[in-house]
Amino acid sequence: MALSGMTSQMSMTPKFQHNFMGPDWLHAEHSTGTSIMAVEYDGGVIIGADSRTTTGAYIANRVTDKLTRISDSIYCCRSGSAADTQAIADIVAYHLEFLSLEQGEPPLVETAANIFRQLCYDYRDQLTAGIIVAGWDSRKGGQVYCIPVGGMLVRQPLSIGGSGSTYVYGYVDANYKDNMTREECKKFVTNSLALAMMRDGSSGGVVRLGAIDKTGIERFVFTGKDIPKFYEG
Amino acid sequence: MKGDNCVAIASDLRFGVQAQTLALDFEKVFPMGPHLYLGLPGLATDTLTVRDRLKFRLNLYELRESRKIHPKTFSALVSNMLYERRFGPYFVEPVIAGLDPVTFEPYVCNMDLIGCINEPEDFVVAGSCTEQLYGMCEALWEPNLKPDDLFETCSQAIVNAFDRDAVSGWGAIVHIIEKDKITSRKIKTRMD
C-alpha cells in the first residue's frame, strides 16, 4: 500500500495495526508523503511543496498547505507524519516569538533551524519528521537548512525532501545553477515539484510556492493547467 | 454501468509499484467478444495471465459451440477458472460488462478473486478505490441513461473517485458498448 516511502535516509514503516478491521484509512495515520523543496537565490529563498495528505492510500486532503509560517520571514516545509510536523512547527513558532520579544529583533533562520533540530533529535525515536527550514534574515540573507528524520542539521544552497524527492535528484542536480534570479528559481522549483508529483503516488494536487525576501513572503499557487507538463507516455 | 441498451466500462491507466508510477498506458479492460468487455484490476502479472488464459478457454468454447458466448456464460467461465485456484488465487477482481449477442440486453457483473459472482442491476466497481467508486456511482447513476449520458456519468464517477486515491489514476479510458458500435475514449485527467 502506498504510504510515504521516504528517501533512503528516512526509514518510514507503515503504521498498520493488524488487529484493526476494514480499509486502512480507518486506522492509518495521516502522512504528508510529499515532495518539498527549498532553494536559495541572491536576496532570499524560494520554498515549494505539493498539496497531498494521505491516510494509507486515501487522499485525506488534496489542497494541504505544507509551507508553514514560523515567523514572518521564516517558513518550514513539512514532510513525514502530519501530526508530528504540525506539533513541532507550533512549538518552534512559540519559542521563536518569545525569543524575538526578548531580544527585540527579528529571529534568525539559524535559530529556528536549531530549535527544530533540538526537538527532532531529542525525540527522534518518537517522531517521523523531515523538515526543511528556509527564510531570510539580515545577517546571512537567504538560507536553507535541511533537517531529515534523525535530527541532523545542515545548511545547503538547495534542499529537496519527502517521498517524491527521490524521483527528482537527477533533474535537480542537472539543472541547478549558482546565482539564479528569483524568477529562474521559481521556474526551477515548479518544474522539479511537477516531475515529482507525476511519479510519486503520495504527492500531488497543486504546487504551492513561497518567495521569501527582506519584505516578507509572497505566495503562489499553481493548479491544473498551470503545472508544467513533461513526458506523459 | 448499465444504461438504456448500452453498457459502459472504464479503467485508469496507471501501472505502478506501491507509490512509484512506472507506466501511463497500462489498460486493464480487454475486449473478449464483439459486445463483451472484461476488466481485470489487481496484480498486473495476473491481469495479463488471466486475460490470456481466459482468451484460450473462450476460443475453445467458440470453436466447439460455433457461436459467440453470452455474457452470463462468460461470467461462469471466469468464475470457474478463478475457483480452480481457490488456495493459490490469481490476484485480480474481474469486472464484466457486455450486451447479450442475441437480445442485446445489458449485463454487468463483478467477482472477488476466487470467483464469487455479484450481478446487480445498476453498476459494479473494483480496484484500490472501491469505496470512493461506490460513493460516486451511487450518487451519479440513474437507470436508462442514453449512451452519451452514460459516458458522462461513468467518466465523472471514475475520475473523481480516483482523484481521491493515491495509487490510482494517471489517465483513464472509457468504453461505451452499444448494439451497433463500441466507442472508446481516453479522458484527459490529473496526472498525479
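Check the entry above for the structure.
Source: prediction; values computed, not measured. (Residues numbered from 1 in each chain as written. Chains lettered and ligands numbered in written order. Predicted model: local features only at pLDDT ≥ 70, side-chain atom pairs only at ≥ 80, totals over all residues. Heavy atoms only, no water.)

Moving on, we come to the overall build of chain B. Looking only at helices and strands, chain B has four helices and 10 strands in total. Here chain B has a C-alpha radius of gyration of 16 Å; the compact-globule value for 192 residues is 16 Å, and the two agree. Expressed as lengths along the three principal axes of its C-alpha atoms, the size of chain B is roughly 45 × 40 × 25 Å. By residue count, 53% of the 192 residues in chain B fall in the buried class. Put simply, 59% of the contacts in chain B that link residues at least 6 apart link residues at least 24 apart. If you sum the accessible surface of chain B, you get close to 9000 Å²; carbon and sulfur atoms cover 53% of it. Charged side chains of chain B number 21 positive and 27 negative; the gap between the two group centres comes to 6 Å. (Helix = DSSP H or I, 4+ residues; strand = E, 2+ residues; numbered from the N terminus. Rg over C-alpha atoms; globule rule 2.2 N^0.38 Å. Buried < 20%, exposed > 50% of the residue type's maximum accessible area, 1.4 Å probe, protein only. Contact = heavy atoms within 4.5 Å. Areas by Shrake-Rupley, 256 points an atom, 1.4 Å probe, with all protein chains shown as cover. Lys, Arg positive; Asp, Glu negative; His and termini not counted. Charge placed at Lys NZ, Arg CZ, Asp CG, Glu CD.)

Across the contact, 25 residues belong to chain A and 17 residues belong to chain B. Taken over both partners, the interface formed by chain A and chain B buries close to 1800 Å², and the fraction arising from carbon and sulfur atoms is 49%. Summed over the three residues of chain A that lose the most area to chain B, namely A:I59, A:M198 and A:R199, the buried surface amounts to 24% of that side. For the pair chain A and chain B, the interface holds one salt bridge. When the shortest N-O distance is used, the salt bridge between A:R52 and B:D192 registers 3.2 Å. At the boundary of chain A with chain B, the tally comes to nine residue pairs in polar contact (both at pLDDT 80 or more). Mapped by element, the contributors of at least two residues to the side of chain A that touches chain B are β5 (58-61) and α4 (182-199) of chain A. (Buried area = accessible area lost by both parts, 1.4 Å probe. Salt bridge = Lys/Arg side-chain N within 4 Å of Asp/Glu carboxyl O. Polar contact = N/O pair within 3.5 Å; in protein donor to acceptor, adjacent residues only side chain to side chain.)

To continue, consider the packing of aromatic side chains. All names here are of chain A. The final tally for this structure, using the stated rule, is five aromatic pairs over all chains. Geometrically, the ring pair formed by Y171 and F188 is stacked, given 6.3 Å between the ring centres and 25 degrees between the ring planes. Pair noted here: Y171 is in helix α3 (residues 169-175) and F188 is in helix α4, with a separation of 17 residues, a long-range link. Classification of Y171 by relative accessible area gives partly exposed; the value is 22%. Assessed through its relative accessible area of 5%, F188 is described here as buried. Through successive ring pairs, a cluster of aromatic residues spans Y171, Y176 and F188. (Phe/Tyr/Trp six-rings, centres within 6.5 Å; stacked < 30°, edge-to-face > 60°.)

All names here are of chain B. Spatially, β4-β5-β6-β7-β8 is the arrangement adopted by the five strands of the open sheet, whose pairing is antiparallel. Taken across any chain shown, the strands that pair with only one partner, and hence form the sheet edges, are β4 (29-33) and β8 (117-118). By the bridge criterion, two bridges tie strand β7 (residues 106-111) to β8 in an arrangement that is antiparallel. Opposite N110, over in β8, you have N118 as the bridge partner. Sheet strands touched by helix α2 (residues 71-83): β4, β5 (36-39), β6 (95-99), β7 and β8. Its angle to β7, the strand with the most contacts, is close to 10 degrees. (Pairing = 2+ DSSP bridges. Axes fitted to C-alpha atoms, helices over the stretch in contact; angles between N-to-C directions.)

Covalent bonding between the sulfur atoms of two cysteines is what defines a disulfide. Residue and element names in this part refer to chain A. Inspection of every chain in the model, using the stated rule, returns zero disulfides over all chains. In this model C146 remains outside any disulfide bridge; the closest cysteine sulfur is found in C77, 9.9 Å from its own. The class of C146 is buried, set by a relative accessible area of 12%. Counting only cysteine sulfurs, C77 is the nearest neighbor of C185, a cysteine outside any disulfide, at a range of 13 Å. (Disulfide = S-S within 2.5 Å.)

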